[in-house]
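Results of the structural survey
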Amino acid sequence: MSENMIRIVEILLDSFWPLCRAALMYTIPLTIVSFACGTVLAFITAIFRLSGVRILEVVAKFYIWIIRGTPLLVQLFVIFYGLPSLGIVLSPFVSGVLGLSLCQGAYNSEIVRAAILAVPNGQWEAAKALGMNKGQTYMRIVIPQAARTAVPSLGNQFIGLTKDTSLAGMLTIPELLQTGQQITAVVYEPLALYLEVAFIYLLMNSVLTLLQGKLEKRLSKHVQKSS
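About the criteria used
Residues numbered from 1 in each chain as written. Predicted model: local features only at pLDDT ≥ 70, side-chain atom pairs only at ≥ 80, totals over all residues. Heavy atoms only, no water. Salt bridge = Lys/Arg side-chain N within 4 Å of Asp/Glu carboxyl O. Helix = DSSP H or I, 4+ residues; strand = E, 2+ residues; numbered from the N terminus. Buried < 20%, exposed > 50% of the residue type's maximum accessible area, 1.4 Å probe, protein only. Contact = heavy atoms within 4.5 Å. Patch = residues over 30% accessible without salt bridge, like charges linked within 9 Å, V, L, I, M, F, W, Y side chains within 5 Å. Areas by Shrake-Rupley, 256 points an atom, 1.4 Å probe, with all protein chains shown as cover.

Our focus in this paragraph is the pattern of salt bridges. Counted under the stated rule, the structure contains three salt bridges. Across the pair Arg7 and Glu189 runs a salt bridge whose closest N-O atoms are separated by 2.7 Å. Separated by 182 residues along the polypeptide, Arg7 in helix α1 (residues 3–50) and Glu189 in the loop between α7 (176–187) and α8 (190–226) bring together distant segments of the chain. Overall, the relative accessible area of 34% leaves Arg7 in the partly exposed class. We note a salt bridge from Arg113 to Glu110, for which the minimum N-O separation is 3.3 Å.

Quick look at the environment of Pro144 now. With respect to the element layout, Pro144 can be found in helix α6 (residues 134–164). For the pair Pro144 and Ile116, spaced 28 residues apart in the sequence, the C-alpha separation amounts to 9.6 Å. Setting aside residues no more than four positions away along its own chain, Pro144 makes contact with Tyr138 and Met139.

By the element assignment, Arg49 lies in helix α1. A relative accessible area of 19% means that Arg49 is categorised as buried.

Okay, the environment of Val89 next. The topology assignment puts Val89 in the loop between α3 (72–82) and α4 (92–117). Overall, Val89 belongs to the exposed group, its relative accessible area being 65%. For the pair Val89 and Ile32, spaced 57 residues apart in sequence, the C-alpha separation works out to 23 Å.

Taken together, the side chains of Trp17, Leu24, Met25, Ile28, Ile32 and Val33 present a nonpolar region at the surface, about 560 Å² in accessible area. With respect to the helices and strands, Ile28 occurs in helix α1. Given the relative accessible area of 31%, Ile28 is considered partly exposed.

Listed below in structure tokens is the structure:
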């Protein structure tokens with residue numbers, strides 16, 4: 001093995017834990033918190049779209065239009081670098097969570113809306129016959145069934161969000177990619193370091209894909225038993 005190759009191997013071994021620590025401390029928390037907040041926002045937005053109340057529908061459509069029509073990186077820059085000019089100063093992590101949550105809320109709302117519309121009309125009629133109001137119907141009948149339908153698509157969004165957190169490095173958050181860039185600036189081995197970063201992303205998303213598959217399989221069994 002050449003001297004240069006030995007050096008590269010040593011660099012990769014030395015950098016592996018700092019990169020993993022960045023993923024554990026920033027990438028994974030960013031993903032989980034943003035997805036949780038974004039999913040709640042997605043349900044609210046989807047219900048607004050389906051409410052039949054004109055003003056709520058307009059607000060939801062306008063929000064989706066803005067978020068889906070502009071790049072995520074620009075949205076993050078507006079929040080972190082733009083809002084301070086209005087006197088609103090947020091920490092890098094909070095700015096990242098806010099931007100990613102707003103993005104997830106807009107995209108996931110369409111998934112949730114489609115899942116809600118997929119619930120058979122007979123379920124609504126049965127709930128009405130039992131004397132349930134609209135809120136009870138949503139919470140007890142519609143949302144549980146819609147959640148099973150939405151899991152595959154939401155799972156894909158969650159995996160995609162794991163990769164999108166790399167943009168949060170532009171807000172000075174020392175997540176996985178940002179940490180990789182910092183190490184690269186010191187050791188001057190961009191190919192090796194970025195391949196290592198890619199490997200860690202691949203490892204995380206492979207685990208998530210496996211868990212998603214198990215969850216989908218479990219839910220499909222539940223649906224078959226229910227039917």
